[in-house]
Amino acid sequence: MVDWTKIRSDFPALERTINGRPVVYLDSACMALKPRQVLKAMNEYYELYPACGGRSIHKFGEEASNAYTAARGKFAKFLNAADEAECIWTRNATESLNIVASSVKLPKDSKIITTSLEHHSGSLPFVERARRDGLDIEIVKAQPDGTFDIEDWKNALDNKTSLVSVVHSSNVTGTVAPMKEIVELAHDRGALVMSDDAQYAPHHPLDVQALDVDFSAISVHKMCGPTGMGVLYGKLEHLESMNMALYGGDTVSDVRFENGKILPEYLPPPEKFEAGLQNYAGAIGAGAAAEYLQSVGMHEIEKHERSLLEVVLKKLLDMEHVHILGTDDIKIKTGLVTFNVDTVSSAHDVATFLNDEFNIMVRSGWHCVGPFHYQMGIDPKKGTARASFYIYNNQDDVDAFLSGMETLIEASK
Amino acid sequence: MCTAPPRLDMSDLSKNAQCVLKILEDSESLTTTEILGIAATEKYAKLCVDCAGGDAFVAAANQLVEKGLITKKFGKGGYRWQLAKD
């Protein structure tokens, strides 16, 4: 039995009051709060052994190396990766997606598929790769409720398809894509699958081997880890065959100077993708975050969020003037709800009002998913508001949010 | 003897804050959507730089309220923003 009150007490930011009121943080889909366990792990690096890992052979360096290596192992365990070397540290999911888009070998004249529901970071790198190499690109349109019709995938995926980039859980609609089916279809046609797991990995059990995705992009900052950290998971055979995105120190086994030429020999993954001095504190924090979430249990986290979301959805659906974007089928949702209030001309006003009056922190705008907003006829200037729930939210937060919404609607009529 | 508070130099403000201030200087009072719409026009293209979602403009507007340079009031339809009256 998870003690959610104890979990909540792990997060120091929630101890703040602003203008004498507690904070109701509902923006974890953008940035998750950080537990003391992660902060302690990072502070320990900076306070006790702030040295270069993998280079310096003194005691501090040894401790930094050990902690850095252990962190990768923890993350590989979190994803159930077959090999630690399949987890590459990046700055964020955006960089992970860009590395694949720019470096994976794709046949000439082949086709990339992505969707109208992608975060800009999931679509634009592949749009640009298609432009760069003269590849075709086809967009699978999401349904208005944010789900996908598997028939659309069957129609789009053909023997010309070399790669699919698809968001596993949408940061706008919260809908979880039928990833297993998409992977099976794609592999059947010889295509690779890049799964954008920025929203999925923090909230659901993610087993990259069971899913059989070829690549997965993860934002560590959305899973209680530090900012400036992400992970690119890739099957080893793909990572080994990929070109590098950055070159330099730490990517090489040898660099000789012969006959007036500089001759490098590059290391295998993960080092070949991790040029330069790394974010040791960030990696250590990422490992600590993975460990923390696993100690709570990803199935428990998923259940907890959905239990809160179920209450929110039921009440919002009953509220006049509130229009929800996305399915209300809890079984295929991550714990967020995106909505409009038709008595308020801009979603930014919803967010500003809730923040100013009640310290309720939601996100507003187009959430870096322009195409789906345009598809739904929502002017970006109007945008949508999004409340996202995570492990530290509770029924009090839900009650405060719903009460705040009622006050907002009343005040805006 | 009363002394006026130090006047804020425009260069102390971010570009997006300057953008919002300039838009409001040219209008009586505007809604959030109106501000975002004007920010996207050619006239303000050099000063107003943000994505179509307008998040940064609204954040800048809220900061200007905190600095006492503009005011906002919530009512029918949402917020209306205007320059602070002296």
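Use the structure listed above.
Here the structure is a predicted model, which means the values were calculated and not measured.

Focus on helix α2 (residues 32-39) of chain B
Right, on to step 1. Burial in α2(B) covers these residues: B:T32, B:I35, B:L36 and B:A39. The buried side chains of α2(B) occupy one side of the element, clustering within an arc of 95° when seen end-on.
Right, on to step 2. Looking at the packing, one finds that the buried side of α2(B) touches α12 (347-358) of chain A together with α1 (15-25), β1 (30-31), α3 (55-66) and β3 (78-83) of chain B.

Side note on the interface of chain A and chain B
Right, on to step 1. Each partner contributes residues to the interface: chain A has 20 residues there, and chain B has 18 residues.
Right, on to step 2. When the two sides are added together, the surface that chain A and chain B hide from each other amounts to roughly 1500 Å², 57% of it contributed by carbon and sulfur.
Right, on to step 3. The tally of links from chain A across to chain B stands at two salt bridges.
Right, on to step 4. Salt-bridge contacts for B:D55 lead to A:R363; the nearest nitrogen and oxygen are separated by 3.3 Å.
Right, on to step 5. For the pair chain A and chain B, the number of links is ten residue pairs in polar contact (both at pLDDT 80 or more).
Right, on to step 6. Listing elements by their share of the side of chain A that touches chain B, those giving two or more residues are α12, β16 (363-365) and α14 (395-412) of chain A.
Right, on to step 7. When residues in the side of chain A that touches chain B are grouped by element, the largest group, five residues, is from α12(A).
Right, on to step 8. In terms of residue class, the side of chain A that touches chain B is built from seven nonpolar, eight polar and five charged.

As for the sheet that holds strand β14 (residues 336-341) of chain A
Residue and element names in this part refer to chain A.
Right, on to step 1. Spatial ordering of the open sheet is given by β13-β14-β17-β16, a layout of four strands whose pairing is antiparallel. This sheet does not close on itself; its edge strands, each paired only once, are β13 (322-325) and β16. Sheet twist, expressed as the mean angle between neighbouring strand axes with direction ignored, is 30°.
Right, on to step 2. Pairing of β14 with strand β17 (residues 384-388) involves four bridges; the strand directions are antiparallel. Note that in β17 the partner of T338 across the bridge is R386.
Right, on to step 3. Sheet strands touched by helix α11 (residues 298-318): β13 and β14. Its angle to β14, the strand with the most contacts, is close to 15°.
Right, on to step 4. Of the strands in this sheet, β14, β16 and β17 touch α12, which is tilted by about 155° from β16.

Quick look at the packing of aromatic side chains
Right, on to step 1. For the structure on display, the rule yields 18 aromatic pairs over all chains.
Right, on to step 2. A centroid spacing of 5.4 Å and a plane angle of 85° characterise the contact between A:Y45 and A:Y49, whose relative ring orientation is edge-to-face. Per residue, the accessibility class of A:Y45 equals that of A:Y49, and both read buried.
Right, on to step 3. Judged by centre distance (6.3 Å) and plane angle (65°), the rings of A:F353 and A:F358 are edge-to-face. Comparing A:F353 with A:F358, the two get one shared label, buried.
Right, on to step 4. Over the face of the ring belonging to B:Y79 we find B:K72, whose NZ or CZ atom lies 5.4 Å from the ring centre.

Some details on the layout of surface pockets
Right, on to step 1. Put simply, the largest pocket is a space of about 610 Å³.
Right, on to step 2. Contributing to the lining of the largest pocket are 20 residues, with A:A351, A:T352, A:N355, B:A59 and B:N62 lying nearest its centre.
Right, on to step 3. Looking at which element gives the most residues to the lining of the largest pocket, the answer is α3(B), with seven residues.
Right, on to step 4. Each residue belonging to the lining of the largest pocket can be placed in one class, and the counts come to eight nonpolar, six polar and six charged.

A few points about α3(B)
Right, on to step 1. Between the first and last C-alpha of α3(B) there are 17 Å, a value that for twelve residues agrees with the 16 Å anticipated at 1.5 Å per step.
Right, on to step 2. Buried residues along α3(B) sit in contact with α12 of chain A together with α1, α2, β2 (70-75) and β3 of chain B.
Right, on to step 3. In the segment just after α3(B), B:G68 is the residue with positive phi, at about 80°.

Observations concerning the sheet that holds β2(B)
Residue and element names in this part refer to chain B.
Right, on to step 1. Spatially, the three strands line up as an open sheet ordered β1-β3-β2, and their pairing is antiparallel. Looking at strand neighbours, the two that pair on one side only are β1 and β2, the edges of this open sheet.
Right, on to step 2. The sheet contact formed by β2 and β3 spans six bridges and is antiparallel. Opposite K73, over in β3, you have R80 as the bridge partner.

A look at empty space enclosed by the protein
Residue and element names in this part refer to chain B.
Right, on to step 1. The full count for this structure, using the stated rule, is one cavity of 30 Å³ or more.
Right, on to step 2. Each pocket or cavity is described by its volume, and for the largest cavity that value is around 40 Å³.
Right, on to step 3. Of all the secondary structure elements, the ones that give two or more residues to the lining of the largest cavity are α2 and α3.

Focus: the state of the cysteines
Right, on to step 1. Scanning all chains against the criterion turns up one disulfide over all chains.
Right, on to step 2. Disulfide pairing places B:C19 opposite B:C48 at an S-S distance of 2.1 Å. Sign of the S-S torsion, about 105° for the bond between B:C19 and B:C48, identifies this disulfide as right-handed. Residue B:C19 is located in helix α1, and its partner B:C48 is located in the loop between α2 and α3; the two are separated by 29 residues in the primary sequence.
Right, on to step 3. With a relative accessible area of 1%, B:C19 lands in the buried category.
Right, on to step 4. We classify B:C48 as buried; its relative accessible area is 8%.
Right, on to step 5. Between A:C30, a cysteine without a disulfide, and A:C368, which holds the nearest cysteine sulfur, the sulfur-to-sulfur distance is 8.2 Å.
Right, on to step 6. A:C224 supplies the cysteine sulfur nearest to A:C87, a cysteine that is in no disulfide, at a spacing of 18 Å.

The rules behind the values
Residues numbered from 1 in each chain as written. Chains lettered and ligands numbered in written order. Predicted model: local features only at pLDDT ≥ 70, side-chain atom pairs only at ≥ 80, totals over all residues. Heavy atoms only, no water. Buried < 20%, exposed > 50% of the residue type's maximum accessible area, 1.4 Å probe, protein only. Helix = DSSP H or I, 4+ residues; strand = E, 2+ residues; numbered from the N terminus. Arc of directions from axis to C-beta. Contact = heavy atoms within 4.5 Å. Buried area = accessible area lost by both parts, 1.4 Å probe. Salt bridge = Lys/Arg side-chain N within 4 Å of Asp/Glu carboxyl O. Polar contact = N/O pair within 3.5 Å; in protein donor to acceptor, adjacent residues only side chain to side chain. Nonpolar A, V, L, I, M, F, W, Y, C, P; charged D, E, K, R; others polar. Pairing = 2+ DSSP bridges. Axes fitted to C-alpha atoms, helices over the stretch in contact; angles between N-to-C directions. Phe/Tyr/Trp six-rings, centres within 6.5 Å; stacked < 30°, edge-to-face > 60°. Lys NZ or Arg CZ within 6 Å of the ring centre and 35° of its normal. 1 Å grid on protein atoms, 1.4 Å probe; cavity = no way out; pocket = protein on both sides within 12 Å on 5 of 7 lines; lining within 4 Å. Points joined across faces, edges and corners; volume = space filled by probe spheres on them. Expected span 1.5 Å × (residues − 1). Disulfide = S-S within 2.5 Å.

Shape descriptors only; they carry no functional weight alone.
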